[in-house]
Structures are given as structure tokens and as C-alpha cells.
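Given next are the chains, with one letter for each unit.
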Amino acid sequence: MLDYAAFPEQRQELIRQILRDQGRVVCVDLAAQMQVSEHTIRRDLHELSKEGVCKKVYGGAVLQIPEAGSFQSRKEHNHAAKDMIAQQCASLVKNDTCIFIDAGTTNLAMALALPEKLSLTVATNAPDIAAALLKHPKIDVIMLGGHIQKKSGGSVGHTAIEQLRNIIFDQAFIGGCAMSPESGLTGFDFADCEFKKAAIKQSNQTIVGLTEDKIPGVARFSVAGCEDIDILVVEEKLNKEFYNAFRAEDITLISV
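Residues numbered from 1 in each chain as written. Predicted model: local features only at pLDDT ≥ 70, side-chain atom pairs only at ≥ 80, totals over all residues. Heavy atoms only, no water.

(A) Focus on the sheet that holds strand 3 (residues 60-63). Read from one edge of the open sheet, three strands run 1-3-2, paired in antiparallel fashion. Both edges of this open sheet fall to strand 1 (24-26) and strand 2 (54-57), since each of them pairs with a single strand only. Adjacent strand axes in the sheet meet at a mean angle of 20°, parallel and antiparallel pairs treated alike. By the bridge criterion, three bridges tie strand 1 to strand 3 in an arrangement that is antiparallel. What sits directly across from R24, in strand 3, is V62. Contacts from helix 3 (residues 38-50) reach strand 1, strand 2 and strand 3, with the element oriented near 135° to strand 2. (Pairing = 2+ DSSP bridges. Helix = DSSP H or I, 4+ residues; strand = E, 2+ residues; numbered from the N terminus. Axes fitted to C-alpha atoms, helices over the stretch in contact; angles between N-to-C directions. Contact = heavy atoms within 4.5 Å.)

Set out below in C-alpha cells:
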């Protein structure tokens, strides 16, 4: 067996591999596996966090997910999984309610999946979602305006947030770049994340749909703690460890 105490580069490479495979690491487990002290592991995690590989959390670290690219390129990624999650999210919408649908490729698929018999009001900051809903026979659409980010595909900033604050939503369907039990829901763009926070504050129920590749992981800016999310819609193949961890945070999980 390799003497990991004597080879820090090999030790950190193994930690990188475990982060890529499992999404997070636990200090006590790594120390036992490599037969080194927890202090040594914490030092390794500190170095890896400075490189942007992970974010340190209590007792270990979570993988820092790289940015997923432009909105247009994300439309073609994980298409089948997003459609299943979108269908489930659409089924949670109740008749004669007012909801918010956040920008994002999964939420666009959800808007397209809303049944024609459903009557409701939808506010969105995403032009493509608003355009899709205009074809729906029984949905009134409120388009939140302002500067439109090409990366997120939605309006963000002061104007859109001020418009949000004048509406109380029964449900908010919020997008995100990464999520973990320790860090909650996170994103890569500060303005976009601040907008999402404002939408959550205006809603009686917050619902998030995420593909398995975003869990567990962390992006740079916080959107919501686990305590702020009511329902999480995920792929059935998500590791059971994370099912249990999210349930321990009082999140209702729905798998597809």
C-alpha cells in the first residue's frame, strides 16, 4: 500500500478522484483510508479548496461544480432527464393559482409540460418561457422585465426584483447550478442568485428540480438553504445517502 503520509501529491489526487466519483468527502473517513491524521486531511482540503476543486464544509468538503456553459448549450444537455423532472414539476401545479417559473432549461421544459386544462397565472423572468406560455389557452402570463442575461436566459437586477416584490406566489419553481445537504442550493452568477432569493421570499412553497449531476455539489453563490426548499424533484438514480440527508433537512423528495 502506498505510504500516503509521505506522498502529499498522491494523497490529494486520491481526494480529487473521490470528490469526482462521490461528490463529497469526510475527513475522518479519508484519514482512516490513508492512515494519516485528520489534521493532514484538513490541510489537503484547504489546498484543494484554494484550487477551486472543492468547498470545505463541516467534517469534510463538497465538490465545486464547473460552470455548465451558455443557456443555449445547456438545452441539449441531459435532455431526457430534464424532461422527466419537468413533467413531475408540472404535475405539482394546482389549478387557479399564481406561480413563478424561474429561468432555466428544466423550467422551460416544465412550462411546455403544463396541461391545457390548467388555469392559472404565471410570472417568469425568462422570455422563452413567457413566449411558450402565450400559446397556452388558460394561462395569464406576467413577464418580469429588465436586463436579460444571455448566460441564464432571464431578467435579473433591480427592476425585475422590484416587480417580484409586488406579487405573492403559491409556488415558485427555482433553478440552480448545484446542491448539497451542507450548502443548500447554489449558483454561479451573483445577480441571478439574488433574484432567485427574492422570488423564494415571495412564495408560499419553493420547488426545485435538479438532475443527478448537480448533486452533491457547490457553486460560488448561495441561493437557498435546505430549510428554504419545500420539494426537491430528482432522478431516481440519485445516491440513497443524499436522499436520506435531504430528508433529514425536512425536504420532501420526489424521484422520477
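Next comes the rest of the account.
(B) Representation of the packing of aromatic side chains. Applying the stated rule across the entire model yields three aromatic pairs. Each ring, one from F100 and one from F169, has its centre 5.7 Å from the other, and the planes form 45°; the classification is tilted. Here F100 is found in strand 4 (residues 98-101), whereas its partner F169 is found in the loop between helix 8 (158-164) and strand 9 (171-174), with 69 residues between them in sequence. The exposure classification of F100 matches that of F169, with both residues buried. Measuring from ring centre to ring centre gives 5.6 Å for F190 and F221, while their planes differ by 70°; the resulting arrangement is edge-to-face. Of this pair, F190 sits in helix 9 (residues 190-201) while F221 sits in strand 13 (residues 221-224), and the two are 31 residues apart along the sequence. Classification of F190 by relative accessible area gives partly exposed; the value is 49%. Residue classification places F221 among the partly exposed positions, given a relative accessible area of 25%. An aromatic cluster is defined as three or more aromatic residues linked by ring pairs; in this entry it consists of F100, F169 and F195. Seen from the ring of Y243, K240 lies directly overhead, with NZ or CZ sitting 4.5 Å from the centre. (Phe/Tyr/Trp six-rings, centres within 6.5 Å; stacked < 30°, edge-to-face > 60°. Buried < 20%, exposed > 50% of the residue type's maximum accessible area, 1.4 Å probe, protein only. Lys NZ or Arg CZ within 6 Å of the ring centre and 35° of its normal.)

(C) Molecular detail of the packing of helix 1 (residues 8-22) against helix 2 (residues 27-34). At a minimum axis separation of 12 Å, helix 1 and helix 2 run at an interaxial angle of 130°. Taken as axis vectors, helix 1 and helix 2 run oblique relative to one another. As for the relative orientation of helix 1 and helix 2, their crossing is right-handed in sense. Across the interface between the two elements, R11, L14, I15 and I18 of helix 1 pack against L30, Q33 and M34 of helix 2. In the contact of helix 1 with helix 2, the residues fall into five nonpolar, one polar and one charged. (Parallel < 35°, antiparallel > 145°, perpendicular 65-115°, else oblique. Left-handed = near helix turned anticlockwise from the far one by under 90°. Nonpolar A, V, L, I, M, F, W, Y, C, P; charged D, E, K, R; others polar.)

(D) The side chain of D102, seen in detail. Mapped onto the fold, D102 is located in the loop between strand 4 and helix 6 (105-113). Not counting chain neighbours up to four residues away, the residues in contact with D102 comprise N107, N125, I129, F173, I174, G175, F195 and K196.

(E) Structural context of the pairing of strand 9. Covered by surrounding structure in strand 9 are Q171 and F173 together with A172 and I174, the residues of both alternating faces. Across three bridges, strand 4 lies against strand 9 in parallel orientation. Note that in strand 9 the partner of F100 across the bridge is A172. Across three bridges, the pairing between strand 9 and strand 12 (residues 206-209) is parallel. Residue pairing in the sheet places I174 in a bridge with V208 of strand 12.

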